[in-house]
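Below, each chain spelled out in residue letters.
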Amino acid sequence: MIRIGILGIGFMGTTHFMAIKKLAKAEVGAICTRDQRKLSGDWSGIQGNFGQGGGVQDLTGIRTCTDIEEVLNDPEIDLVDVCLPTALHHDVVIKALNAGKHVLVEKPISLSLIEADRMIHKADEVNKTLMVAQVLKFFPEFAFLKQAIDDKRYGRLLGLHLKRVISKPLWGKDNWFGDYEQTGGAGIDLHIHDTDYLRYLFGMPEDVHSSGMTTPNGYVLYLNTQYGYRHQNITVTAQCGAISSAAFEQGYDAYFEEGTLWYNALSDRPVTLYTPDGGKSEPKIDFPEAFEAQLGYAIEVLNNNAEPVLLSADAAREALHICHREAESVRTGQTISLED
């Protein structure tokens, strides 16, 4: 049984808590938050851009504390699940690794490539597993798309467009998303989902060309990017930002030789296949719930002493690198190489 200590009980901490409760080989052994109301189990004020609120939780048998060190020093905790603001990731992850814990840290791995490199190096140094909770590849609709690309059931993929556009989040008393120094803005905190998924599908692009909107000090609020995958003879684009009047929109248009797969979470429709003869159908998609699958995968990695391929810290670092290059392209109007 893997015992998990969750640091931070916001939307993601709550989501992880709910997913862990469904796993047979893991349990929550500790939670840490500065909010006394949350320590009592009252999570009703927690909201996010999808799903339900936190409700009221029974924390019987779970260590509750306000000091991170209590979790790090607990010999019964095997895995520290860091669900804190991104700006805190580096210092907390380094402390957890030094305390001899395996670590799962929420996306993005960091705001800085230098900090990401330090975290990866530290995990190697202390021989502990560092995983980054990039969850998009576990969403059933996106897992299905990966499968369809790999087995070519609709022929070769010709082009892909990803979409992830939300309204400016208003949840939370401090509206943390608006503190770009803490989150990196939509160009990192939100768009990292897409860059990680594209890297997962196709590897690193040769270059990026992006247009968009930034804050006066350069944080990306919205962008539209063309990714250079010319050696693979495929066209890949993505748009992402926090400028919509809709609450949460993610999806894709995937153009295959023998059909088009369409998906948009804002619609009530599931993934839909359109065929050249005018046909329309809804493919059967049989994958587990995303966060349960993600946390379950992390537990299997630890139980089997395996490489965390789907939660790789190196891959998360590469996704962050793509985001930084896109921001540079937005600011300069130039095509930016990723091959240097």
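Use the structure listed above.
Engineer: Sorry if this is basic, but what is going on with empty space enclosed by the protein here?
Structural biologist: By rolling a water-sized probe across the atoms, one finds the places where empty space is left. Enumeration according to the criterion identifies one cavity of 30 Å³ or more in this entry. By volume, the largest cavity amounts to about 50 Å³. Forming the boundary of the largest cavity are Val132, Gln134, Lys137, Asp196, Arg199, Val309, Leu310, Leu311, Ser312, Ala315 and Ala316. Mapped by element, the contributors of at least two residues to the lining of the largest cavity are α9 (192–202) and α11 (313–332). Residue classes in the lining of the largest cavity are distributed as six nonpolar, two polar and three charged.

Engineer: What am I meant to see in the pairing of strand β2 (residues 26–32) here?
Structural biologist: The element β2 is largely enclosed, with a buried count of six among its seven residues. Relative to β2, strand β1 (residues 2–7) runs parallel, the two sharing six bridges. From the neighbouring strand, Ile4 faces β2, where its bridge partner is Val28. This β-α-β element, β1 to helix α1 (residues 11–20) to β2, shows right-handed connectivity.

Engineer: Help me out: how do you make sense of the layout of surface pockets in this one?
Structural biologist: Looking at the second largest pocket, its volume works out to about 420 Å³. Asp124, Lys128, Thr129, Glu307 and Pro308 are the residues nearest the centre of the second largest pocket, which is lined by 16 residues in total. Those elements that provide at least two residues to the lining of the second largest pocket are α5 (113–126) and α11. Per element, the largest residue contribution to the lining of the second largest pocket is three residues, and it comes from α5. In terms of residue class, the lining of the second largest pocket is made up of seven nonpolar, five polar and four charged.

Engineer: Mind showing me how you'd approach the environment of Phe202 here?
Structural biologist: Counting through the fold element by element, Phe202 comes out in helix α9. Take Phe202: its relative accessible area is 11%, and that puts it in the buried class. Among all residues touching Phe202, those that are not within four sequence positions of it are Ile149, Leu157, Leu160, Tyr229, Gln232, Ile234 and Val236.

Engineer: Can you walk me through the side chain of Thr195 in this structure?
Structural biologist: With respect to the element layout, Thr195 can be found in helix α9. The exposure class assigned to Thr195 is buried, which follows from its relative accessible area of 1%. Among the polar contacts made by the side chain of Thr195, one reaches the main-chain carbonyl oxygen of Ile192 at a distance of 3.2 Å. Beyond its immediate stretch of four places on either side in the chain, Thr195 contacts Tyr227, Ala319, Ile322, Cys323 and Glu326.

Engineer: How should the packing of α9 against α11 be read in this particular structure?
Structural biologist: Axis angle and axis distance: for two packed helices, these are the angle between their axes and the distance between the axes, and together they describe the pair. Here α9 crosses α11 at 120°, and the two axes come no closer than 8 Å. With respect to α11, the element α9 is oriented oblique. In this structure, α9 meets α11 at a crossing whose hand is right-handed. Of α11, the residues touching α9 (which contributes Ile192, Thr195, Asp196 and Arg199) are Ala315, Glu318, Ala319, Leu320, Ile322, Cys323 and Glu326. The residue inventory of the contact of α9 with α11, partitioned by class, reads six nonpolar, one polar and four charged.

Engineer: Explain the sheet that holds strand β6 (residues 130–133) here, please?
Structural biologist: Hydrogen bonds between backbone atoms are what pair the strands of a sheet, whose relative direction is either parallel or antiparallel. Judged by pairing direction, the sheet is parallel, and its six strands sit side by side in the order β3-β2-β1-β4-β5-β6 without closing on themselves. Edge positions in the sheet fall to β3 (63–65) and β6, since each has one partner strand and no second. Mean inter-strand twist for the sheet, computed between neighbouring axes without regard to direction, equals 25°.

Engineer: Looking at this structure, I do not really get the pairing of strand β7 (residues 157–166). What am I missing?
Structural biologist: Regular strands place their side chains on alternate faces of the sheet. By the criterion of burial, β7 is predominantly enclosed, with eight of the 10 residues buried. Note that β7 and strand β11 (residues 248–256) share nine bridges and pair antiparallel. In the sheet register, Arg164 faces β11, and the bridge partner there is Gln250. Here β7 pairs with strand β10 (residues 235–241) via seven bridges, running parallel. Counterpart to Gly159 in the pairing with β10 is Thr235.

So, how was this worked out
Residues numbered from 1 in each chain as written. Predicted model: local features only at pLDDT ≥ 70, side-chain atom pairs only at ≥ 80, totals over all residues. Heavy atoms only, no water. 1 Å grid on protein atoms, 1.4 Å probe; cavity = no way out; pocket = protein on both sides within 12 Å on 5 of 7 lines; lining within 4 Å. Points joined across faces, edges and corners; volume = space filled by probe spheres on them. Helix = DSSP H or I, 4+ residues; strand = E, 2+ residues; numbered from the N terminus. Nonpolar A, V, L, I, M, F, W, Y, C, P; charged D, E, K, R; others polar. Buried < 20%, exposed > 50% of the residue type's maximum accessible area, 1.4 Å probe, protein only. Pairing = 2+ DSSP bridges. Right-handed = clockwise from strand over helix to strand, strands pointing away. Contact = heavy atoms within 4.5 Å. Polar contact = N/O pair within 3.5 Å; in protein donor to acceptor, adjacent residues only side chain to side chain. Axes fitted to C-alpha atoms, helices over the stretch in contact; angles between N-to-C directions. Parallel < 35°, antiparallel > 145°, perpendicular 65-115°, else oblique. Left-handed = near helix turned anticlockwise from the far one by under 90°.

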